[in-house]
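So you can see what is in the structure, the chains are spelled out below.
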Amino acid sequence: MELWQAILLCIATFAVGAGISGVILFRLGIEHRKKIAEAQIGSAEQEAVRIVDEAAKKAESLKKEKLIEAKDEIYRNRTEAEREIKERRSEVSRQERRVQQKEESLDKKLDSLDKKEENVQQKLKQADEKLKEAEKIRQSQMDMLERISQLTVDQAKEYLLKSLEDDLVHEKAMKIAAYEQQTKEECEAKARHLISLAVSRCAADQVSESAVSVVPLPNDEMKGRIIGREGRNIRALEQLTGVDLIIDDTPEAITLSCFDPVRREVARIALEKLIQDGRIHPTRIEEMVDKARREVEQVIKSEGERAVLEANIHGLNHELIKLIGRLHYRTSYRQNVLNHSIEVAHLAGMMASELGVDPALARRAGLLHDIGKALSHEIEGSHVQIGVDVCKKYRESADVIHAIEAHHGDVEPKTVIAVLVQAADAVSAARPAARSENFENYIKRLEKLEEICRSYDGVDKSFAIQAGREVRIMVSPEKVNDEKMIIVAREIAKKIEDEMDYPGQIKVNIIRESRAVEYAK
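The shown structure was predicted, so the numbers you read here are calculated from the model rather than taken from an experiment.

Describe the overall build of the protein, with residues and values.
The helix and strand tally for the protein stands at 15 helices and 8 strands. When the 521 residues of the protein are sorted by exposure, 30% land in the buried category. Considering only residue pairs separated by 6 or more positions, the protein has 61% of its internal contacts joining residues 24 or more positions apart. Accessible area of the protein: about 35300 Å², with a carbon and sulfur share of 55%.

Dropping the structure here:
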């Protein structure tokens, strides 16, 4: 055998031996691993049994705990339910007791009402019986009276009426005699009143001339512009000034009618400014009326200063000077009060000079003697008392105040100055055509008319227009609503009827207007 073959045989033998050894070792490993696996499986099964036992024990324990908690919850719920049921039962019991008490109370009230009804029925029955008894007594008395008087009821009535008629005839005769005596005593005064009324009616043209102003127009087209759309311009001007604008067929002219010269002058100036300006609408009218009022106030001041200088009086209070200037627009019996006062001042001063009395004091008293007429339409009382109060307020001398108080004979004159002022006043008023009594009465009647209207709460302004046949009243919209306007109008009309004497009828016209003004800046 060759060497390489021997070597191959050895290698093959070694390989076979190694293979057999590997197989043997592999099987031994498998066996060993199998034993190990079986040992692990056995321990795993024991662990699983143990885990299952522990899980069973825990489940049993958890089950017991949950059962205990469930029992506790059931016990609590049952206790709560029993408590709630107990409270509801007690509430129901209270309600039942309350209802029972109310039922008992209602039963008692019903019993009481039944008793009262029975008492009322008994009293009604007794009253009916008493009425019947009274009727029987009255009838028996009437029968007895008829037997005693031997007259029936009709005959007794006739006898009483006849006796009363005789007494009334005597009383009537006495009344007639008394009325005749009273008529005789008052006939002279009534005759004078009737004569003055007749004179007043005859002098109506003169009053109309004194109570109107005429404003010329550039053309007749201006009348339409003054009237405005639906009369709003003329209505605004009349409301703001209290003057009645008369627009008729008179060519190129408008008439302003008002008894108050100041208001008429304000309206005249405002209307002339509007005509000159050309812009005529309610807002512009209000501006022009304000400007006209300021101009009139300036005129009043200048007229007062003129009168003081003309009368040569010094040291007069500036408020008194303004009041004297207001007399420029006042008339007394158609005589201008300012001119009359200046004239009295000059007359009293000249007479004082002749008698050797202080002429400056006489002129001062003469100029101030009618100062109360500047406020007589604003303050209650006669112009004498108002003048005395005003001069006391501005610390005039006692001689001047006494002269004012005595110039109409209200008190006995005690000083020479008072007598001189009284005489000068009479001389100034006595000259021919100086005064017209009917115009003074006319103004007083219109002032009384406005005063009655202003006496009501809620009235802001009142204007007598159309010669006193109409009065326009401006009321505050906050105090007087639409429904109350009718009541106020009726009350004012009733008071005018009770307190005033006037011809014809007076129209009471109440105006309520609300305004809202704001400025865009």
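Resuming the write-up.
Describe the nonpolar core, listing the residues and the values that go with them.
Soluble globular proteins tend to pack their nonpolar side chains together in the buried interior. Counting residues in each nonpolar core, the largest one holds 39 residues, and the members touching the most others are Val308, Leu316, Leu323, Ile324, Leu367, Leu368 and Ile417. Looking at this core, the elements that each hand over two or more residues are helix H7 (282-310), helix H8 (318-326), helix H9 (337-355), helix H10 (359-368), helix H11 (383-393), helix H12 (398-406) and helix H13 (416-430). The biggest single contributor to this core is H9, with 7 residues. The residues touching Leu323, leaving out its near neighbours within four places in the chain, are Ile371, Ala374, Leu375 and Val390.

Requested: an account of the confidence of the model for the protein, with residues and values cited.
Caution is warranted with low-pLDDT regions, since their predicted coordinates should not be read in detail. Summary statistics for the protein give a mean pLDDT of 79 and a share of 86% for residues scoring 70 or more. Predicted confidence for residues 190-209 stays below pLDDT 50, and this span has 6 contacts to residues more than four positions away or in other chains.

Before we move on, could you go through the packing of helix H6 (residues 261-277) against H7 and cite the residues and values that matter?
Packed helix pairs are specified by the crossing angle of their axes together with the interaxial distance, meaning the distance between the axes. In contact at an axis separation of 8 Å, H6 and H7 are set at 125° when each is read in the N-to-C sense. On the basis of the axis angle, H6 is oblique to H7. Crossing angle aside, the handedness with which H6 passes H7 is right-handed. Every residue of H7 that contacts H6 at Val262, Glu265, Val266, Ile269, Ala270, Lys273, Leu274 and Asp277 is listed here: Arg284, Ile285, Met288, Val289, Ala292, Arg293, Glu295 and Val296. A per-class count over the contact of H6 with H7 returns 10 nonpolar, no polar and 6 charged.

Go over the pairing of strand S3 (residues 253-257), please, and point to the residues and values.
Of all the 5 residues making up S3, 5 are buried; the element is thus mostly covered by neighbouring parts of the structure. By the alternation rule, side chains of S3 split into Ala253, Thr255 and Ser257 and Ile254 and Leu256, which are all buried. Examined bridge by bridge, strand S2 (residues 244-246) and S3 share 3 bridges and lie antiparallel to one another. The residue of S3 that forms the bridge with Ile246 is Thr255. Remark: 6 residues form the turn of the hairpin made by S2 and S3, two consecutive strands paired antiparallel; Glu252 in that turn has positive phi of roughly 55°.

Describe helix H5 (residues 232-241), with residues and values.
For H5, the buried fraction is high: 8 of the 10 residues fall into the buried class. If you check which residues of H5 are buried, you get Asn233, Ile234, Ala236, Leu237, Glu238, Gln239, Leu240 and Thr241. Looking one or two residues past H5, Gly242 carries a phi angle of roughly 75°, positive in sign.

Outline the side chain of Asn233, listing residues and values.
Relative to the helices and strands, Asn233 is located in helix H5. Of the residues examined, Asn233 reaches a relative accessible area of 4% and is grouped as buried. Not counting chain neighbours up to four residues away, the residues in contact with Asn233 comprise Arg225, Ile226, Ile227, Gly228, Ile280, His281, Pro282 and Ile285.

Could you give me a rundown of the sheet that holds strand S7 (residues 470-475), with the residues and numbers involved?
A sheet is described by the order of its strands in space; here 3 strands give the open sequence S6-S7-S8, paired in mixed fashion. Each end of this open sheet is capped by a strand with a single partner; those strands are strand S6 (459-465) and strand S8 (507-512). The sheet shows a mean angle of 20° between the axes of neighbouring strands, direction not considered. With 6 bridges connecting them, S6 and S7 associate as antiparallel partners. Across the sheet, Phe463 pairs through a bridge with Arg472, a residue of S7. Set on the sheet, helix H15 (residues 482-499) makes contact with S7 and S8; between it and S8 the angle comes to about 150°.

Tell me about the pattern of salt bridges, and please be specific about residues and values.
This model, assessed by the stated rule, comprises 28 salt bridges. Across the salt bridge formed by Glu80 and Arg83, the nearest N and O atoms sit 2.1 Å from each other. Of the two residues, Glu80 and Arg83 both sit in helix H1 (residues 3-149), 3 residues apart, roughly one turn of that helix. When its relative accessible area of 38% is taken as the criterion, Glu80 is described as partly exposed. Note on Arg83: relative accessible area 40%, which makes it partly exposed. When the shortest N-O distance is used, the salt bridge between Arg284 and Glu287 registers 3.0 Å. With a gap of 3 residues between them, Arg284 and Glu287 both fall in helix H7, about one helical turn apart. By relative accessible area, which is 12% here, Arg284 ends up buried. A residue is classified by how much of its surface remains accessible, and Glu287, at 36% relative accessible area, is partly exposed. When salt bridges that share partners are traced, they join Asp277, Arg279, Arg284 and Glu287 into one network.

Basis of the calculations
Residues numbered from 1 in each chain as written. Predicted model: local features only at pLDDT ≥ 70, side-chain atom pairs only at ≥ 80, totals over all residues. Heavy atoms only, no water. Helix = DSSP H or I, 4+ residues; strand = E, 2+ residues; numbered from the N terminus. Buried < 20%, exposed > 50% of the residue type's maximum accessible area, 1.4 Å probe, protein only. Contact = heavy atoms within 4.5 Å. Areas by Shrake-Rupley, 256 points an atom, 1.4 Å probe, with all protein chains shown as cover. Core = buried A, V, L, I, M, F, W, Y, C linked by side-chain atoms within 4.5 Å. pLDDT = per-residue confidence, 0-100. Axes fitted to C-alpha atoms, helices over the stretch in contact; angles between N-to-C directions. Parallel < 35°, antiparallel > 145°, perpendicular 65-115°, else oblique. Left-handed = near helix turned anticlockwise from the far one by under 90°. Nonpolar A, V, L, I, M, F, W, Y, C, P; charged D, E, K, R; others polar. Pairing = 2+ DSSP bridges. Salt bridge = Lys/Arg side-chain N within 4 Å of Asp/Glu carboxyl O.

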